[in-house]
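Examining the three-dimensional arrangement
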Amino acid sequence: MRAAYFVEPDADRPAEAIRVGDIDPAEPPPGWVEVDVRAGALNMHDIWALRGATRGAGTRPHVIGSDAAGSCEGRDVVVYPVVPREPDGKVVEHATLLPDAGHGVLAERVAVPAGHLVPKPGHLSWSEAACLPTAWLTAYRMLFTKARVEPGHVVLVQGAGGGVATAAIGLATAAGATVVVTSRSPEKRERALALGAAAAIDSGARVPQLADVVVETVGPATFEHSTRSTRAGGTIVVCGGTSGFAAQLDLARLFAREITVHGSTMGTLAEFEALVAFVAAHRVRPAVDSTADLAGVGAQAARMLAGTAFGKLCVSLS
Ligand SMILES: NC(=O)c1ccc[n+]([C@@H]2O[C@H](COP(=O)([O-])OP(=O)(O)OC[C@H]3O[C@@H](n4cnc5c(N)ncnc54)[C@H](OP(=O)(O)O)[C@@H]3O)[C@@H](O)[C@H]2O)c1
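These figures come from a predicted structure and were not determined experimentally.

About the criteria used
Residues numbered from 1 in each chain as written. Predicted model: local features only at pLDDT ≥ 70, side-chain atom pairs only at ≥ 80, totals over all residues. Heavy atoms only, no water. Helix = DSSP H or I, 4+ residues; strand = E, 2+ residues; numbered from the N terminus. Rg over C-alpha atoms; globule rule 2.2 N^0.38 Å. Buried < 20%, exposed > 50% of the residue type's maximum accessible area, 1.4 Å probe, protein only. Salt bridge = Lys/Arg side-chain N within 4 Å of Asp/Glu carboxyl O. Pairing = 2+ DSSP bridges. Right-handed = clockwise from strand over helix to strand, strands pointing away. Expected span 1.5 Å × (residues − 1). Axes fitted to C-alpha atoms, helices over the stretch in contact; angles between N-to-C directions. Parallel < 35°, antiparallel > 145°, perpendicular 65-115°, else oblique. Contact = heavy atoms within 4.5 Å. Nonpolar A, V, L, I, M, F, W, Y, C, P; charged D, E, K, R; others polar. Near = heavy atom within 4 Å. Polar contact = N/O pair within 3.5 Å; in protein donor to acceptor, adjacent residues only side chain to side chain. Areas by Shrake-Rupley, 256 points an atom, 1.4 Å probe, with all protein chains shown as cover. Domains from an automatic or database assignment. Buried area = accessible area lost by both parts, 1.4 Å probe.

Summing up its helical and strand segments, the chain has 10 helices and 16 strands in all. Expected size for 318 residues packed as a compact globule is a radius of gyration near 20 Å; at 19 Å, the chain falls within 12% of this value. Taking the principal axes of the C-alpha coordinates as reference, the chain spans close to 55 × 40 × 40 Å. Among the 318 residues that make up the chain, the fraction classed as buried is 55%.

Below you can see the structure in the form of structure tokens.
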């Protein structure tokens, strides 16, 4: 079967480590089923894997990808990408992704735990559905489990064009929050407004109103602005750091305003089911930057590295 994989990671040129070709499908372990993948999506996690910076399963060649939507025994499904245990039954740590426990999912056919399939919302294309497993699940947990966003809350989303950021805009808007975004790019600010954001400002600019909740995925480049823009008693939720991991923290502002900072990673199967139900009920549509075929995965990864995408970088396997 055809798949996107790497044989040797490349710390300096990760997109160039990607190969596309035939690999032997693995036999599904007991309790796992096979999914015919129709679309996948890329995440920063794939870049870290291509750099050799993730734990990884050590398989070579190693199929990349955490996000997939496809068909299984006549059902259209999206795949919950977190594994509680490896195929041999060994329990793994919280939030281990499929490509860190075995092969990833950017392949024509993949084996996944049978209980990890959730019906695909009918209003979504295959590419849109493939956005849900990682970025959208992460945004869902950040907003609703960690920050307990409610209608009327002001939610500040840093780095408007990112996969998690665009998910946060869509989910928070559908939940009745007022969303303010930052972006370095005027074009991305315009597109965020079209997604439902109430205001879009330049990175680091003064916010129109202090936020109840800040969605932080960018890291050192925006973190000081995040603390500056949070109201007294407000919450900052952090799931990553596209610009790095060592941020300056103004402790005086943190304690004086009694700001709560949460870390957040992926989500539970119950949260994934709730996310998919929320997306179906509110007819939310993920922002897809572009969809390439399998041969274009390297170019999609290069676009992610360039930071120019707005929304998810998808891959069609139909
Ligand atoms: N913990 C988890 O479970 C989890 C899950 C998913 C992702 N993550 C992490 O979350 C982070 C975001 O992931 P993603 O997939 O959303 O990434 P992405 O799509 O690549 O997001 C990139 C965004 O970051 C902003 N950005 C990058 N460098 C910046 C800089 N120097 N200054 C200001 N903004 C900058 C850009 O915003 P503008 O161009 O609009 O300014 C860009 O749109 C990554 O670190 C990823 O590893 C974690």
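Picking up where we left off.
Another aspect to go through is the pattern of salt bridges. What the rule picks out here adds up to 11 salt bridges. Put simply, Glu224 and Arg228 hold a salt bridge, and the shortest N to O gap is 3.0 Å. With Glu224 and Arg228 both in helix α7 (residues 220–228), this residue pair falls 4 residues apart, about one helical turn. Overall, the relative accessible area of 34% leaves Glu224 in the partly exposed class. Connected through shared salt-bridge partners, Glu224, Arg228, Asp250 and Arg253 make up one network.

Next up on the list: the pairing of strand β12 (residues 211–216). Counting buried positions along β12 yields 6 of 6 residues, so the element is predominantly enclosed. The pairing of strand β9 (residues 154–157) with β12 spans 3 bridges and is parallel. Each bridged residue has a counterpart across the sheet, and for Val155 the counterpart in β12 is Val213. In this structure, β12 lies alongside strand β13 (residues 230–238), joined through 5 bridges in parallel fashion. Note that in β13 the partner of Val213 across the bridge is Thr235. This β-α-β element, β12 to α7 to β13, shows right-handed connectivity.

The terminal C-alpha atoms of helix α5 (residues 163–174) lie 17 Å apart, and with 12 residues this matches the ideal 16 Å at 1.5 Å per residue to within 8%. Within α5, 10 of the 12 residues are buried, which leaves the element mostly enclosed by the surrounding structure. Looking at the residues trailing α5, positive phi occurs at Gly176, about 90 degrees.

On to the packing of helix α1 (residues 44–51) against helix α10 (residues 297–306). Viewed as axis vectors pointing N to C, α1 and α10 meet at an angle of 105 degrees, and their least axial separation amounts to 10 Å. Considering their axes alone, α1 and α10 lie roughly perpendicular with respect to each other. Contacts between α1 and α10 involve Met44, Ile47 and Arg51 from the former and Ala301, Met304 and Leu305 from the latter. The residue makeup of the contact of α1 with α10, split by class, is 5 nonpolar, no polar and 1 charged.

Before going further, it helps to spend a moment on the site of the ligand. In the vicinity of the ligand there are 24 residues, among which Gly163, Ser183, Lys188, Cys239 and Met266 approach most closely. Within the backbone of Ala160, a nitrogen or oxygen atom sits 3.4 Å from an oxygen atom of the ligand. A total of 920 Å² of accessible area belongs to the ligand in isolation, and the protein chains cover 86% of it. Sorting the residues of the shell around the ligand by element identifies α1, α4 (132–146) and α5 as the ones contributing at least two each. Grouping the constituent residues of the shell around the ligand by class yields 8 nonpolar, 14 polar and 2 charged.

Per the domain assignment, the segments of the chain are domain 1 (2–131 + 286–316) and domain 2 (134–263). For domain 1 versus domain 2, the distance between C-alpha centres works out to 27 Å. Looking at the side of domain 1 facing domain 2, the largest losses of area belong to Cys131, Phe310 and Lys312, adding up to 39% of the total buried there. Here domain 1 is connected to domain 2 by 0 salt bridges. Inspection of the region where domain 1 meets domain 2 yields 4 residue pairs in polar contact (both at pLDDT 80 or more). The residue makeup of the side of domain 1 that touches domain 2, split by class, is 8 nonpolar, 5 polar and 2 charged.

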